Amino acid sequence: MTAIQYNPEEYQIFQTFLENACGIVLGDNKHYLVNSRLSKLLREENIASLTDLVSKIDNVVGMNPLKSKVIEAMTTNETLWFRDGFPFEILPETIFTEYKNQKKNQVKILSAACSSGQEPYSISIIADEFSKKNFGANMQFQIVGIDIDQSILNNAREAKYESMALARGLSEERKQRYFNQQGNYWQVNADIRSRVTFREHNLMQSYASLGKFDVVFCRNVLIYFSAQSKKDILSRLAAMLNPGGYLFLGASESIVQYSESFNMIRTPKGVVYQLKP
Ligand SMILES: C[S@@+](CC[C@H](N)C(=O)[O-])C[C@H]1O[C@@H](n2cnc3c(N)ncnc32)[C@H](O)[C@@H]1O
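Residues numbered from 1 in each chain as written. Predicted model: local features only at pLDDT ≥ 70, side-chain atom pairs only at ≥ 80, totals over all residues.

Chemist: It is not clear to me how unusual backbone geometry should be interpreted in this structure. Could you clarify?
Modeler: Across the chain, the bulk of peptide bonds are trans and the bulk of non-glycine residues have phi less than zero. Although it is not a glycine, Asp 84 sits at a positive phi angle of roughly 70°. When you line up the elements, Asp 84 lands in the loop between α4 (65–74) and α5 (87–101). Taking the C-beta count within 10 Å as the criterion, Asp 84 has 16 such neighbours and is therefore assigned partly exposed. Look at Ala 113: it is not a glycine, yet its phi comes out positive at around 65°. Its place among the elements puts Ala 113 in the loop between β1 (106–112) and α6 (118–133). Under the C-beta neighbour-count criterion, Ala 113 is labelled buried, with 25 such atoms within 10 Å. (Helix = DSSP H or I, 4+ residues; strand = E, 2+ residues; numbered from the N terminus. Buried ≥ 20, exposed ≤ 12 C-beta atoms within 10 Å, placed from the backbone.)

Chemist: Can you help me understand the nonpolar core in this one?
Modeler: Core analysis: the largest hydrophobic core is formed by 76 residues, its most contacted members being Ile 109, Leu 110, Ala 112, Val 216, Cys 218 and Leu 247. A domain-level breakdown of this core finds at least three residues from each of domain 1 (8–74) and domain 2 (87–275). Contacts of Leu 110, omitting those with residues within four sequence positions, involve Val 144, Ile 146, Phe 213, Val 216 and Phe 217. (Core = buried A, V, L, I, M, F, W, Y, C linked by C-beta atoms within 7 Å. Domains from an automatic or database assignment. Contact = placed C-beta atoms within 7 Å.)

Chemist: Help me understand the site of the ligand, please; the structure alone is not making it clear to me.
Modeler: Around the ligand sit 24 residues in total, of which Thr 79, Ala 113, Ser 115, Leu 203 and Asn 220 are the nearest. Here the residues of the shell around the ligand are counted per class, giving nine nonpolar, nine polar and six charged. Shared between two domains, the shell around the ligand holds at least three residues of each, these being domain 1 (8–74) and domain 2 (87–275). (Near = placed C-beta within 6 Å. Nonpolar A, V, L, I, M, F, W, Y, C, P; charged D, E, K, R; others polar.)

Chemist: Hey, could you run me through the sheet that holds strand β10 (residues 271–275) in this one?
Modeler: Two orientations exist for strands paired in a sheet by backbone hydrogen bonds: parallel and antiparallel. Here seven strands make up an open sheet; going across it, the order is β6-β2-β1-β7-β8-β10-β9 and the pairing mixed. Across the chains shown, the open sheet's two edge strands, defined by having one partner strand only, are β6 (196–200) and β9 (262–266). Within the sheet, the average angular offset between the axes of one strand and its neighbour, ignoring direction, is 25°. Inspection of the sheet shows β1 paired to strand β7 (residues 213–218) by four bridges, in the parallel sense. Each residue of the ladder has a partner; that of Leu 110, found in β7, is Val 216. In the packing of helix α11 (residues 227–240) onto the sheet, the strands contacted are β7, β8 (241–249), β9 and β10, and the crossing angle to β8 comes to about 140°. (Pairing = 2+ DSSP bridges. Axes fitted to C-alpha atoms, helices over the stretch in contact; angles between N-to-C directions.)

Below, the structure is given as structure tokens:
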């Protein structure tokens, strides 16, 4: 791999571009990341430097294919099934049970930064298991997955996973019950898929078009953003929650310092945030 040539000023231009485009703060020492993620793209597009890349993108208004490709290359899509366990236990045991007791029929859940779909499909599996255990409750679950990365969303919509990706967090029992084997892939079954829709959306932009939700998963993405972006995103997430709505963050993320809109609920399983009255 030939290293991309750039001086500190060009690196700074790229840092600013990336943060404006998708919120990701690229540290001053992330040169290896720029090289490993962008060399191939620059070669393919015949672009000589980081400055040329940014100016080529800036010459086009709004989102364009090159900008999308750079964002796709620079974002980290790491994800797995039932990640960290606890949100997927608190969801049925505390939140869905509360809604059942309130006789709430429609439950809307947002999986923000959903990557290749493991998070929203894990939620849908939990909804399915809850519905079967609580047959009379007649609850409908609607799950929306959003991500900035169009190509990862296409994978999510396809819902096909190789055995290696499937093994990460998924029990054999759930695999047999909720997936169908198709050659080298396993596809999430139609019932589980039917509750989930996907939309391309940048967390840095207005959420008005997404509507209101009862529960928001925004996990393992805020870590990449600046303090100000975290504050802005948490305030917009608070505004899109219905009264008493819940927010799950990643295991290493917290709202402390960034938002006063939520109460922290400590359960024996882990932490969930609830919108203040
Ligand atoms: C590490 S994955 C987290 C996936 C999942 N939430 C989980 O916890 O397993 C981070 C995802 O955030 C997405 N992302 C990064 N910046 C974004 C932005 N500004 N708007 C929406 N999604 C973004 C990436 O494309 C990537 O799929």
